[in-house]
Structure formats: structure tokens, C-alpha cells
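# Geometric and topological summary
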Amino acid sequence: MAEEGYKVSLNVYDLSQGLARQLSMTFLGKAIEGVWHTGVVVYGNEYYFGGGIQHCSAGVTPYGTPLKVVDLGVTHVPKDVFESYLEEISPRYTAETYKFAHSQLQQFQQ
């Protein structure tokens with residue numbers, strides 16, 4: 001383990017690129033700020049959900065520039081241990097198990 005740890009941050013993206021804020025009242029009858037997507041940045045990579053657990057070099061995801069970057073502190077977990085954990089849990093996080101759209105739609109219908 002590294003003595004100093006590995007910096008961890010959360011990249012926050014608005015997939016609507018501002019359109020949710022501008023058009024949500026017209027189309028949904030409710031104001032929403034954005035269509036949020038996040039990625040965890042650690043070890044020089046960004047880990048995110050994209051039909052399953054994905055990762056790429058930090059700063060080159062298909063989601064563009066983050067709207068906000070939140071500092072989450074540091075971890076002392078080695079990269080190989082972290083990636084082994086992700087491999088272990090990845091069968092639970094697939095496109096088929098993703099429930100975001102359904103749960104979000106229920107919120108808008110209330």
C-alpha cells in the first residue's frame with residue numbers, strides 16, 4: 001500500500017448538457033436540474049457504469065467534461081485489490097439489472 005494513498009474524486013456530468021434544466025417544465029411538468037451521471041476517478045482511471053462497470057483513462061470518458069468534480073479524499077487500497085473487487089461485483093451491475101430509468105420515471109409521475 002502506498003503511504004500517501006491515492007487521490008479519489010467523483011466526476012459529475014449532466015448528460016442533457018443543460019437541456020433538462022431548460023426544457024423539463026415544458027415536457028415533464030416538473031423542473032429537474034439535469035440528467036446526472038457520475039464516475040469515480042482513482043489510480044489515473046475513471047470507473048463508471050455504462051451497461052456494466054467500465055473504466056478508461058481519467059478525462060476521456062464518452063461523457064465530455066465533468067460539470068463538477070468532488071474531492072472524496074484518499075484511499076490506501078491498492079489498484080489490483082480494487083479492480084479484483086470490481087470484477088467480483090460486476091455480474092450484479094449489468095444493463096439488465098439497471099433500474100435507474102424506471103425509478104426516475106416513478107418520481108416524475110408522483
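Presented here is an overview of the structure given in this document. Numbering of residues starts from 1 in every chain and runs along the sequence as written. Where totals are concerned, whole chains, interfaces and linings use all residues; where local detail is concerned, this predicted model gives features only for residues with pLDDT of at least 70, and gives and counts side-chain atom pairs only at 80 or more. As a rule here, side-chain values come from all non-hydrogen atoms in the structure, and water together with hydrogens is ignored.

### A closer look at the overall build of the protein chain
- Secondary structure is summarised from DSSP: a helix means a run of H or I of at least four residues, a strand means a run of E of at least two, and numbering begins at the N terminus for each. Helix and strand counts for the protein chain stand at 3 helices and 5 strands.
- For the protein chain, the N- to C-terminal ordering of α and β elements is β-α-β-β-β-β-α-α.
- It only takes one pair of heavy atoms within 4.5 Å for two residues to be counted as in contact. Residue pairs at least 24 apart in sequence account for 66% of intrachain contacts in the protein chain once pairs closer than 6 positions are excluded.
- Carbon and sulfur atoms make up 56% of the accessible area of the protein chain, which totals about 7700 Å². Only the protein chains shown count as cover for residues, with accessible areas throughout obtained via the Shrake-Rupley method and a probe of 1.4 Å.

### Concerning the pairing of strand β3 (residues 45-49)
- Classification of residues uses two cut-offs on accessible area relative to the type maximum, computed with a 1.4 Å probe and protein chains only: under 20% is buried, over 50% is exposed, and between them is partly exposed. Taken across its 5 residues, β3 has 4 buried, putting it largely inside the fold.
- Here 4 bridges tie strand β2 (residues 36-42) to β3, and the two strands are oriented antiparallel to one another. In the sheet register, V41 faces β3, and the bridge partner there is E46.
- Taken together, β2 and the strand that follows it, β3, pair antiparallel across an intervening segment of 2 residues, in which Y43 is found at a positive phi of about 60°.
- Think of it this way: DSSP has to see at least two bridges between two strands before they count as a pair. Bridge count for β3 against strand β4 (residues 53-57) is 5 bridges, and the pairing is antiparallel. In the sheet register, Y48 faces β4, and the bridge partner there is Q54.
- Between β3 and β4, which pair antiparallel in sequence order, lie 3 residues; one of them, G51, sits at a positive phi of approximately 80°.

### Focus on the pairing of β2
- Strand direction decides the pairing type here: strand β1 (residues 6-14) and β2, joined by 6 bridges, are antiparallel. If you follow V12 over to β2, its bridge partner there is T38.

### Some details on the nonpolar core
- In this structure, V8, V42, Y43, Y47, L86 and I89 together form the largest nonpolar core, which totals 6 residues.
- Aside from chain neighbours lying at most four places away, what touches V42 is Y6, K7, V8, Y47, T75 and F82. By convention a nonpolar core is built from buried Ala, Val, Leu, Ile, Met, Phe, Trp, Tyr and Cys residues, the set being connected through side-chain atoms within 4.5 Å.

### Overview of the sheet that holds strand β5 (residues 68-75)
- The strand order across the open sheet built from 5 strands is β4-β3-β2-β1-β5, with neighbouring strands paired in antiparallel fashion. Strands at the two margins of the open sheet, each flanked by one partner only, are β4 and β5. When the angles between neighbouring strand axes are averaged without regard to direction, this sheet yields 25°.
- Only the contacting stretch of a helix is used when fitting its axis, a line to C-alpha atoms as for every element, and angles between N-to-C directions run 0 to 180 degrees. Sitting on the sheet, helix α2 (residues 79-89) touches β2, β3 and β4, and the angle it makes with β3 is about 15°.

### Here we look at the side chain of T61
- Tracing the backbone through its elements, the reader meets T61 in the loop between β4 and β5.
- Residue classification places T61 among the buried positions, given a relative accessible area of 8%.
- Residues within four places of T61 in sequence aside, it is in contact with Y13, E46, Y48 and C56.

### Side note on the side chain of D14
- Topologically, D14 is positioned in strand β1.
- The class of D14 is buried, set by a relative accessible area of 13%.
- The term polar contact refers here to a pair of N or O atoms within 3.5 Å; inside protein, the definition further demands a hydrogen-donor-capable atom paired with an acceptor-capable atom, and it admits residues adjacent in sequence only when both atoms are side-chain atoms. Side chain to side chain, D14 and S16 meet in a polar contact 2.7 Å long.
- What D14 contacts, discounting residues up to four positions off in sequence, is E33, G34, V35, W36 and L67.

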